[in-house]
Amino acid sequence: MGLKDFLFPTLNASAPKAIDVEASLAPYNLQSSIYGLLNAPTTMDRATAMSVPSVARARNIICGIIGSLPLEQYNKLTGAHIEPLRVINQPDPRVSGFVVYNWLAEDIWLYGVGFGLVLDAYAEDGRVRAWTRIDPMRVIVEYNSDNTEIVGYKVDGRSAPIAGVGSIIRFDGADEGFLNRAGRTIRTAVELEIAALNYAKEPVPSMVLKSNGTNLPSERIAKLLESWRNSRATKSTAFLNADIEMQSVGFDPKSLQLVEARQYVALELARAAGIPAYFLSAETTSMTYSNATSERRSLVDFSLRPILSAIEERLSLPDICPSTTETRFDLDDFLRGNPLERAQVYQILNTIGAMSVEQIQEEEDLIR
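Predicted model, so just to flag it, every value in this text is computed and none were measured.

1. Considering helix α7 (residues 97-111)
Residue pairs spaced three or four apart in an α-helix point in one direction, given the helix's 3.6 residues per turn. End to end, α7 covers 21 Å across 15 residues, agreeing with the expected 21 Å (1.5 Å per residue, within 8%). α7 sits mainly inside the fold: 12 of its 15 residues count as buried. Among all positions in α7, only Gly97, Val100, Tyr101, Asn102, Leu104, Ala105, Glu106, Asp107, Ile108, Trp109, Leu110 and Tyr111 are buried. Backbone geometry just downstream of α7 places Gly112 in the positive-phi region, at approximately 85 degrees.

2. As for the nonpolar core
Counting 55 residues, the largest nonpolar core has Trp131, Phe178, Ile186, Ile275 and Ile311 as the members making the most contacts within it. Contact partners of Ile275, with chain neighbours within four places excluded, come to Ala58, Ile61, Ile62, Ala270, Leu280, Leu299 and Ser303. With 10 residues, the next largest nonpolar core counts Val113, Phe115, Val139 and Ala160 among its residues.

3. With respect to the pattern of salt bridges
For the structure on display, the rule yields 13 salt bridges. Notably, a salt bridge pairs Asp107 with Arg133, separated by 2.7 Å at the nearest N-O pair. With Asp107 in helix α7 and Arg133 in strand β4 (residues 128-134), this pair connects stretches of sequence that are 26 residues apart. Among the residues examined, Asp107 registers a relative accessible area of 0% and is labelled buried.

4. Examining the sheet that holds strand β8 (residues 168-172)
With antiparallel pairing, 3 strands are arranged side by side in an open sheet as β4-β3-β8. The open sheet is flanked by β4 and β8, the only strands paired with a single partner. Neighbour-to-neighbour, the strand axes of the sheet open up by a mean angle of 35 degrees, direction not taken into account. Note: strand β3 (residues 113-121) against β4, 6 bridges, orientation antiparallel. What sits directly across from Asp120, in β4, is Ala130. Seen against the sheet, α7 touches β3, β4 and β8 and runs at an angle of roughly 55 degrees to β4.

What counts, and where the lines are drawn
- Residues numbered from 1 in each chain as written.
- Predicted model: local features only at pLDDT ≥ 70, side-chain atom pairs only at ≥ 80, totals over all residues.
- Heavy atoms only, no water.
- Helix = DSSP H or I, 4+ residues; strand = E, 2+ residues; numbered from the N terminus.
- Expected span 1.5 Å × (residues − 1).
- Buried < 20%, exposed > 50% of the residue type's maximum accessible area, 1.4 Å probe, protein only.
- Core = buried A, V, L, I, M, F, W, Y, C linked by side-chain atoms within 4.5 Å.
- Contact = heavy atoms within 4.5 Å.
- Salt bridge = Lys/Arg side-chain N within 4 Å of Asp/Glu carboxyl O.
- Pairing = 2+ DSSP bridges.
- Axes fitted to C-alpha atoms, helices over the stretch in contact; angles between N-to-C directions.

What follows is the structure, given as structure tokens:
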């Protein structure tokens, strides 16, 4: 082999590249793409996002519904309903369960992950007796040397124990979180809100006052502009001397299509939030009671279900409840149909012996 061949080897394009099957099956490092697993930085902050009406409404619908749903527990072996533990429906004795699950659902929705802080544990088996939601911004995740596994947490800069009082309960979501995947869309909505605010303050195109005479000193220009601004705030008619001319530059809100642009962004935010656009008034539609019930089912299936599952499955783990018990949200009241539909279903179930009259009365809250 000559020196030229050594320095500039000929590449054989036809030779297949050897593939290491075991290496290709190794776990994929998601640090750069998924916030919910490794807490990558978000592209938008919560305060800015919540200043957009569509985002605020989507948050209140999704998280408010989840916070209001009761939690039930069932035996995994028999499917029988059992009385839920107090830690399930009121995890923090100091506040209602609605507050805890409402804010926990927001964390999972916004950031892709939520955290709970253990307040109390049973001495005999170490199971959690009480816990509360903690702001994800207070939690720092610690990894091993390869950044492939979580080895611990820090809360407010102090290391948290692995188990027991002061330890962390982690609720992993289905993706990187709304703030990360919809950051540019949220920022677009914010800029449109700012543009609408500017045109609300001065509902005419930008104006230029041009002097047709001698050049004016800066002090005189400042006083002239201040006088013009104050007059326009109180009067609709203006008078200019012969040496001053007003010119309009830019476009009015109609030419800029601000209304159409804001409506389009609201629709895009509904898509990013995973919520039907009807709930954000982002599209015009005709709703009746029958298809409103169908919309609720769509809301559960395509928007709420990932967050519901994240909370249900974490609360079913053995560190919170016995291994033979599973936790599920009760959706019956939220998805129940109109009285006629329910009566027809009850009639069928009673006829085939699936429900007794007493059970139907209990279901309809007719037994006091």
